[in-house]
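Structural features, examined
As a plain string of letters, each chain reads:
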Amino acid sequence: MSHTETAEYRIAHLRERLAKGSAAEMGVRIEMRGDSVLLSGSVPSAACRDEILRIAEDELSGLPVRQDLVVVCATAPDHPEELA
């Protein structure tokens, strides 16, 4: 199995683990970019982002991992928006 095939297999396993795990994140994109793996997308909390990165480090040990995970706050505003 080549390095790329091995990396793709590990990425597929990471996707499954994220979908089934406590993070249950299906909105995170995981893709090979050159020799590294990029995780990108939106997550509901910093704790969720940290959990995803911990799982990724575990699954992709030895591969460079870059991340562009944005924490999106979905709570209602605590004050009305003022329009000019």
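Right above here is the structure, for reference.
This is a predicted model, so every value here is computed, not measured. (Residues numbered from 1 in each chain as written. Predicted model: local features only at pLDDT ≥ 70, side-chain atom pairs only at ≥ 80, totals over all residues. Heavy atoms only, no water.)

Here we take up the pattern of salt bridges. Under the criterion given, the structure shown has 5 salt bridges. Residue aspartate 58 is joined to arginine 17 by a salt bridge in which the shortest nitrogen-to-oxygen separation is 2.6 Å. Taken together, the residues aspartate 58 in helix H2 (residues 46-59) and arginine 17 in helix H1 (residues 3-20) connect sequence positions 41 residues apart. Here arginine 49 ties to aspartate 50 by a salt bridge, and the two come within 3.8 Å at their closest N and O atoms. The network of salt bridges with shared partners includes Arg17, Asp58 and Glu59. (Salt bridge = Lys/Arg side-chain N within 4 Å of Asp/Glu carboxyl O. Helix = DSSP H or I, 4+ residues; strand = E, 2+ residues; numbered from the N terminus.)

Let us now look at the sheet that holds strand E2 (residues 36-43). Taken in spatial order, the 3 strands of this open sheet run E1-E2-E3, and their pairing is mixed. A strand with exactly one partner marks an edge of an open sheet, and here the two such strands are strand E1 (29-33) and strand E3 (65-71). Across this sheet, the average inter-strand angle for adjacent strands is 15°, counted without regard to direction. Contacts from H2 reach E2 and E3 within the one sheet, and its direction differs from that of E3 by about 165°. (Pairing = 2+ DSSP bridges. Axes fitted to C-alpha atoms, helices over the stretch in contact; angles between N-to-C directions. Contact = heavy atoms within 4.5 Å.)

We now examine H2. For H2, spanning 14 residues, the distance from its first C-alpha to its last is 20 Å, which sits close to the expected 20 Å at 1.5 Å a residue. Of the positions making up H2, those classed as buried are Cys48, Ile52, Ile55, Ala56 and Glu59. Seen from one end, H2 has its buried residues packed into an arc of 100°, which puts them on one side. (Expected span 1.5 Å × (residues − 1). Buried < 20%, exposed > 50% of the residue type's maximum accessible area, 1.4 Å probe, protein only. Arc of directions from axis to C-beta.)

Geometric values such as these leave the question of function open.
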